[in-house]
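Listed here are the chains, written in short residue letters.
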Amino acid sequence: MKYIYVTGGVVSGLGKGVTASSIGVLLKSLGLRCTSIKIDPYLNIDAGTMSPFEHGEVFVLDDGGEVDLDLGNYERFIGVTLTRDHNITTGKIFKSVIEREREGAYLGKTVQVVPHLTDAIQDWIERVAHIPVDGTGETPDVCIIELGGTVGDIESGPFLEALRQFQFRNAPHDVCSVHVSLVPVLGVVGEQKTKPTQHSVQVLRSVGIAPNFLACRSKDPLEQSVKDKLALFCHVPATHVMNLSDVSNIWHVPLVMRDQGVHEALCKQLNITPPHGLKIDQWEERAIRWDSLQEQVEIAIVGKYTGLTDSYLSVMKALQHAAIAANRKLKICWIEASDLEESMKEGGEEGAEKHRRAWAAIKKCDGILVPGGFGGRGTEGKADTCKFARENNIPFLGICLGMQVAVIEFARNVLMMENANSTEIDPATPHPVVVFMPEGSTTHMGGTMRLGSRRTFLQEPQCLATLLYQKMEFIDERHRHRYEVNPEMIDKFEEKGLKFVGKDETGRRMEIIELKGHPFYVACQFHPEYKSRPGKPSALFLGLVLASSKQLNVYMSGYDAAP
């Protein structure tokens, strides 16, 4: 097993996750099996209870793990299926050590950060690195370990110490370190400054980890003199100074690394003989084609957390995967759900202007997507969006809460159930069309939802969902919700044309809805965005983009011609 550390310095948010993922793409393209571990030094057990505004989206894995969004990058880039244990947090490590102490596993010893906590971290890494993740059942060849935050953070100290010690559990050629840093340009002079990176490397070396590679983030390509200076002062060969300047899309990052010979330098550093040469043609074709697309499709995302687009990272990526498959240039129109509500007009001139602008924006879009969320804020705006899409034949996709508000809107305006609602939002609603599901817990927030991969059985052989899913009898998609459509009311909805075309194995949990007579009005209880991949877009996202670009009928005609 070979290990690659990816650490960050100077500032957070430099793209350590994309760097780690891109290294994985290169190594996988050489025929090596890769896996990834993300270390998050916060005290939370997992990302499940954190606000999207604070930490971006929560990514959900097949096993129900609620993890950092970087694990989504790893899965999309490297094509692997990770587990909850691939995301290490301080909370998880503390919990495991304290539980062992309570069991008496330390035989009366004074339990300390070194060696007990650091040993627990190393054991965890070693165990998880050997878990097969690519579907072959084979043990990975290389494990890429990303340490969140920046070196010098007080909370990452135990992890840096554990990684320092871990070097000595392995042979020198089995571990290497990549340090991602910023090379800023200050003032009107426009000189690229190396000092922040020098200081960052100094901090890293002071804890006993000497980086073998520098991944230097910059707006423009680094000058050769700057690269030479970094090599000299940071104690790395000049060929190991990667220049990761800004690119038009992140699919170019592995190609930028390839052009600098990073794959060859990594193999030499780790003493790896790859099974074959670099095969990255498909990846390159996709990156270039994305930049050259001309015909545009504009999708409105009506959400509650639009102030931070990372809150919907997987949704954005799934739309990109679908758009490139449909040969369309994607434009996303971000709309804050609460701006669409009638009550916004009562907030004076500013509120009325926000309301007007939001509706003007949504009316010029080709398609509408209402993603998931929790709580009551913005749900009336989402319901108004569903009504607009339903009545005006606008292609619509609702996800999780998006499906629930579509059902609520239909109950109110078609079934004439006044004040129909979800018991999450209004516990006293006279028409509870969305109810708390018995699988979860109302008292504990963390890890108590219906989480992870669950099976959905498609009910109608000729419905849109079945055709988009290539006529499969059932599908496995990832879930993250506590509430769902009330099964007692299904018949009333279906009588009026809102069909429940996907259900779980019991037939009691509603998974997919379709509105008959509408060009594309589809919603699902699961999150299809989590399993979308470049080159293999999510079926429902592809349907939305095809319908929004008026290509769905042509796409579907292929099924009519099939035997």
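Predicted model only: the values in this text are computed from it and were never measured. Position numbers for residues start from 1 in each chain and track the written sequence from start to end. pLDDT decides what is reported in this predicted model: residues at 70 or higher carry local features, side-chain atom pairs at 80 or more are listed and counted, and totals for whole chains, interfaces and linings draw on all residues regardless. Working from all heavy atoms in the structure, the side-chain values ignore hydrogens and water.

Visitor: So what's going on with the sheet that holds strand β13 (residues 329-336)? Which residues, and what values?
Guide: At least two bridges found by DSSP between two strands is the condition for calling them paired. Here a strand is any run of E in DSSP of at least two residues, a helix any run of H or I of at least four, and the numbering for each starts at the N terminus. Spatially, β13-β12-β14-β15-β23-β22-β21-β18-β19 is the arrangement adopted by the nine strands of the open sheet, whose pairing is mixed. With partners counted over all chains shown, the strands left at the sheet margins are β13 and β19 (474-481), one partner each. Adjacent strand axes in the sheet meet at a mean angle of 25°, parallel and antiparallel pairs treated alike. Where strand β22 (residues 510-515) lies against strand β23 (residues 521-524), three bridges are found, and the strand directions are antiparallel. Bridge assignment links I512 to a residue of β23, and that residue is C524. The strands touched by helix α13 (residues 348-363) are β12 (296-303), β13 and β14 (367-370); relative to β13, the strand with the most contacts, the crossing angle is about 155°. Axis lines are fitted through C-alpha atoms, for helices just across the contact stretch, and the angle between N-to-C directions can take any value from 0 to 180 degrees. Contact definition: two residues touch when any of their heavy atoms are within 4.5 Å.

Visitor: Outline the domain arrangement of the protein chain, supporting the account with residue identities and numerical values.
Guide: Accessible area lost on assembly of the parts is the figure often given for the size of an interface. Domains are outlined according to an automatic or database domain assignment. We note that the domain assignment places domain 1 (2-287) and domain 2 (293-561) within the protein chain. Taking only C-alpha atoms into account, the centre of domain 1 sits 35 Å from that of domain 2. The buried area of a pairing is the accessible area, by a 1.4 Å probe, that goes missing from both parts when the two are put together, added over both. Summed over both sides, the interface between domain 1 and domain 2 buries roughly 2,200 Å², with carbon and sulfur atoms accounting for 58% of that surface. The largest contributions to the domain 1 side of the interface with domain 2 come from F53, V60 and R76, which together make up 29% of the buried area. By definition here, a salt bridge exists when the distance from a side-chain nitrogen of Lys or Arg to a carboxyl oxygen of Asp or Glu is within 4 Å. Summed over the shared surface of domain 1 and domain 2, the result is four salt bridges. For R533, the salt bridge is made with E75, and the minimal N-O distance between the two is 2.9 Å. Those elements giving two or more residues to the side of domain 1 that touches domain 2 turn out to be α2 (52-55), β3 (59-60) and α3 (70-78).

Visitor: Outline the UniProt feature "domain: CTP synthase N-terminal" (unreviewed entry) in the protein chain, supporting the account with residue identities and numerical values.
Guide: UniProt positions are given in the numbering used here, feature names are shortened, and annotations may be inferred rather than shown by experiment. As annotated in UniProt, the feature "domain: CTP synthase N-terminal" (unreviewed entry) corresponds to residues 2-272 in the numbering used here. Between the C-alpha atoms that bound residues 2-272 the distance is 9 Å, and the span itself is 39% helix and 18% strand.

Visitor: Requested: an account of the packing of helix α1 (residues 16-29) against α3, with residues and values cited.
Guide: Axis separation between α1 and α3 bottoms out at 9 Å; the angle between their running directions is 20°. Classed by the angle they form, the pair α1 and α3 counts as roughly parallel. Where α1 crosses over α3, the two elements pack in a sense that is right-handed. For the pair α1 and α3, contact is made by G17, V18, A20, S21, S22, G24, V25 and K28 and by D70, N73, Y74, F77 and I78, respectively. In what follows, roughly perpendicular refers to angles from 65 to 115 degrees, roughly parallel to angles under 35, roughly antiparallel to angles over 145, and oblique to any angle outside these ranges. Two helices that cross are described as forming a left-handed crossing if the nearer one is turned anticlockwise from the farther one by less than a right angle, and a right-handed crossing if clockwise.

Visitor: How would you summarise the pairing of β22 if you had to cite specific residues and measurements?
Guide: The side chains of a regular strand alternate between the sheet's two faces. For β22, the buried fraction is high: six of the six residues fall into the buried class. In this structure, strand β21 (residues 498-503) lies alongside β22, joined through five bridges in antiparallel fashion. Across the sheet, residue F500 finds its bridge partner in β22, namely I513. Counted between consecutive antiparallel strands, the loop separating β21 from β22 contains six residues, among which G507 sits at a positive phi close to 80°. The cut-offs for exposure are 20% and 50% of the maximum accessible area for each residue type, with area from a 1.4 Å probe on protein chains only; residues under the lower value are buried, those over the upper are exposed, and the others partly exposed.

Visitor: Give a detailed account of empty space enclosed by the protein, specifying residues and quantitative values.
Guide: Points on a 1 Å grid, built from protein atoms alone, make a cavity when a 1.4 Å probe fits but cannot get out and make a pocket when they are open with protein on both sides within 12 Å along at least 5 of 7 lines; residues with an atom within 4 Å of a point are the lining residues. Grid points are joined across faces, edges and corners, and a volume is the space filled by probe spheres set on the points. Applying the stated criterion across every chain yields a total of three cavities of 30 Å³ or more. Estimated volume of the largest cavity: approximately 70 Å³. Lining the largest cavity, in full, are G373, F374, C400, L401, Q404, E424, H481, R482 and Y483. Residue composition of the lining of the largest cavity, grouped by class: four nonpolar, three polar and two charged. All residues other than Ala, Val, Leu, Ile, Met, Phe, Trp, Tyr, Cys, Pro, Asp, Glu, Lys and Arg, Gly among them, are scored as polar; the first ten of these are nonpolar and the last four charged.

Visitor: So, the pattern of salt bridges: which residues are in play, and what are the values?
Guide: If you walk through the whole model with that rule in mind, you get 41 salt bridges. For the salt bridge of D68 with K38, the shortest nitrogen-to-oxygen distance reads 3.0 Å. Separated by 30 residues along the polypeptide, D68 in the loop between β4 (66-67) and α3 and K38 in strand β2 (residues 34-40) bring together distant segments of the chain. Look at D68 and you get buried, because its relative accessible area is 3%. Here K38 makes a salt bridge to D70, at a shortest N to O gap of 3.0 Å. Separated by 32 residues along the polypeptide, K38 in strand β2 and D70 in helix α3 bring together distant segments of the chain. A relative accessible area of 3% means that K38 is categorised as buried. For D70, a relative accessible area of 11% corresponds to the buried category. Linked by salt bridges that have partners in common, K38, D40, D68, D70 and E146 make up one network.

Visitor: Got a sec to walk through the packing of aromatic side chains? Specific residues and values, please.
Guide: Stacked, tilted and edge-to-face pairs are distinguished by plane angle, under 30 degrees for stacked and over 60 for edge-to-face with tilted covering the rest, among Phe, Tyr and Trp rings (Trp via its six-membered ring) whose centres lie within 6.5 Å. What the rule picks out here adds up to 13 aromatic pairs. Look at F493 and F500: their rings are 6.0 Å apart centre to centre, the planes differ by 75°, and that puts the pair in the edge-to-face class. Summarising the burial analysis for this pair, F493 and F500 share the class buried. Here a set of aromatic residues connected by ring pairs shows up, and it is made of F53, Y305, Y312 and W334. Note on criteria: charge over ring means Lys NZ or Arg CZ within 6 Å of the ring centre, with the direction from the centre no more than 35 degrees off the ring normal. Over the face of the ring belonging to W251 we find R286, whose NZ or CZ atom lies 5.9 Å from the ring centre.

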